[in-house]
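A look at the structure
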Amino acid sequence: MYSLSATRIAFIGGGNMAQALMIGLQQRAFAMQNITVIDPDTAKHEHLQGTLGVHTSASLTAGSLAVDVIVLAVKPQQLHSVAQALAPFLQSQLVISVAAGIRTADLSRWLNGYATIIRTMPNTPAQIQAGMTGAYALSAVSPAQRELADMLLQAAGDVVWLDNEAQLDAVTAISGSGPAYVFLMIEALTAAGISLGLTEEQSLKLSLATFKGASLLAAGSATPVATLREQVTSKGGTTEQGLISMRQHDIHGMMRHAAEQAARRAKELGDQLGAQA
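In this text the structure is predicted, and so the values were computed from the model without any measurement. (Residues numbered from 1 in each chain as written. Predicted model: local features only at pLDDT ≥ 70, side-chain atom pairs only at ≥ 80, totals over all residues. Heavy atoms only, no water.)

**Things to note about the pairing of strand β4 (residues 69–72)**
The two faces of β4 match: Val69 and Val71 on one face and Ile70 and Leu72 on the other face are all buried. Both strand β1 (residues 9–12) and β4 contribute to a ladder of 4 bridges, which runs parallel. Paired with Ile12 across the two strands is Leu72, which belongs to β4. Summarising the sheet, β4 and strand β5 (residues 94–97) pair through 4 bridges and their orientation is parallel. Its bridge partner lying in β5, Val71 is registered against Ile96. This β-α-β element, β4 to helix α3 (residues 76–86) to β5, shows right-handed connectivity. (Buried < 20%, exposed > 50% of the residue type's maximum accessible area, 1.4 Å probe, protein only. Helix = DSSP H or I, 4+ residues; strand = E, 2+ residues; numbered from the N terminus. Pairing = 2+ DSSP bridges. Right-handed = clockwise from strand over helix to strand, strands pointing away.)

Structural data, given as structure tokens:
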């Protein structure tokens, strides 16, 4: 049985997503001296040591990888070479990949058949511990290891576990790419406010607060989102007119098409990235 507090973790890659997880762990009073960050960019080491209290290494070594969990937090294009270098050091560690698009079958193949692997798809709000991560575990991962991974990933936000790895393409389209859709809508609503006579500062402040407040209300309420929308919409009122316009422009169709295109591209990238021998 694993305990998160006593877990030894190696992060291969010390970029934004790795730091998001580490900051979340630090805020949960995790023993940061149990973490080693392995990154060839030694310019990052002093910052990581000073702000997070972790150990650092410029290369993969038996000592730095004598851990319970290895988090692969490198760019997808780098994962093939990193996996080949990592393979000789694997014994019983749980490998968690946060590299977008790389399927478990390909990662396992690059790791010489190693199968104690969890593939995840986090998103950028993880940087403020408000993220959403989709996760899929191979059958070789034990229930205790899955529970440990769940606790680790929750340091950056919520986690949704999937039974079918192909669903990660949909997760990529909805929560992975979703923040960009929201940012675009904030931009559009802000621009609309400016066109109606508000200053940019006023309109941005109103738009940000509206998205934040509506999201928090929806997340914290047992009332269905459709009912919350109806509660704002008075017959013959201002909101009704705005919604009529959005429906005339097929807002549902636009969002569905955007998600379908993102999911299609996620699958294409998985095919391309996994083609390496």
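**With respect to the packing of helix α1 (residues 16–27) against helix α2 (residues 45–52)**
Relative orientation of the contacting elements α1 and α2 amounts to 20 degrees, with a least axis distance of 11 Å. Judged on the interaxial angle alone, α2 and α1 are roughly parallel. Remark: the crossing between α1 and α2 carries right-handed chirality. Two secondary-structure elements touch here, α1 through Gln19, Met22, Ile23 and Gln26 and α2 through His47, Leu48, Thr51 and Leu52. Grouping the amino acids of the contact of α1 with α2 by side-chain chemistry returns 4 nonpolar, 4 polar and no charged. (Axes fitted to C-alpha atoms, helices over the stretch in contact; angles between N-to-C directions. Parallel < 35°, antiparallel > 145°, perpendicular 65-115°, else oblique. Left-handed = near helix turned anticlockwise from the far one by under 90°. Contact = heavy atoms within 4.5 Å. Nonpolar A, V, L, I, M, F, W, Y, C, P; charged D, E, K, R; others polar.)

**Quick word on unusual backbone geometry**
Positive phi is not limited to glycine here, since Asn112 has a value of about 60 degrees. Following the sequence through the fold, Asn112 ends up in the loop between α4 (104–110) and β6 (117–121). Even without glycine at this site, Gln129 takes up a positive phi of about 60 degrees. Mapped onto the elements of the fold, Gln129 is located in the loop between β6 and β7 (131–137).

**What to know about the pattern of salt bridges**
In this structure the tally under the stated criterion is 9 salt bridges. Measuring nitrogen to oxygen at the nearest pair gives 3.3 Å for the salt bridge that ties Arg8 to Asp68. Of the two residues, Arg8 is situated in the segment before β1 and Asp68 in the loop between β3 (55–57) and β4; the sequence distance between them amounts to 60 residues. Using a relative accessible area of 18% as the deciding quantity, one classes Asp68 as buried. With a closest N to O distance of 2.5 Å, Arg264 and Glu268 form a salt bridge. With a gap of 4 residues between them, Arg264 and Glu268 both fall in helix α11 (residues 251–273), about one helical turn apart. (Salt bridge = Lys/Arg side-chain N within 4 Å of Asp/Glu carboxyl O.)

**Topic: the pairing of strand β8 (residues 157–161)**
Looking at chain direction, β7 and β8 are connected through 5 bridges and run parallel. Bridge pairing links Thr133 to Val159 in β8. Regarding the hand of the β-α-β motif, the stretch spanning β7, helix α5 (residues 143–153) and β8 is right-handed.

**Details of the environment of Met121**
With respect to the helices and strands, the residue Met121 is situated in strand β6. With residues up to four places along the chain from it excluded, the contact list for Met121 reads Ala100, Met132, Thr133, Gly134, Leu168, Val171, Thr172 and Gly176.

**Brief notes about the sheet that holds β7**
Taken in spatial order, the 8 strands of this open sheet run β3-β2-β1-β4-β5-β6-β7-β8, and their pairing is mixed. Either end of the sheet is taken by a strand with one partner, and the two such strands are β3 and β8. With direction set aside, neighbouring strand axes in the sheet form an average angle of 25 degrees. Examined bridge by bridge, β6 and β7 share 4 bridges and lie antiparallel to one another. Opposite Thr120, over in β7, you have Ala135 as the bridge partner.

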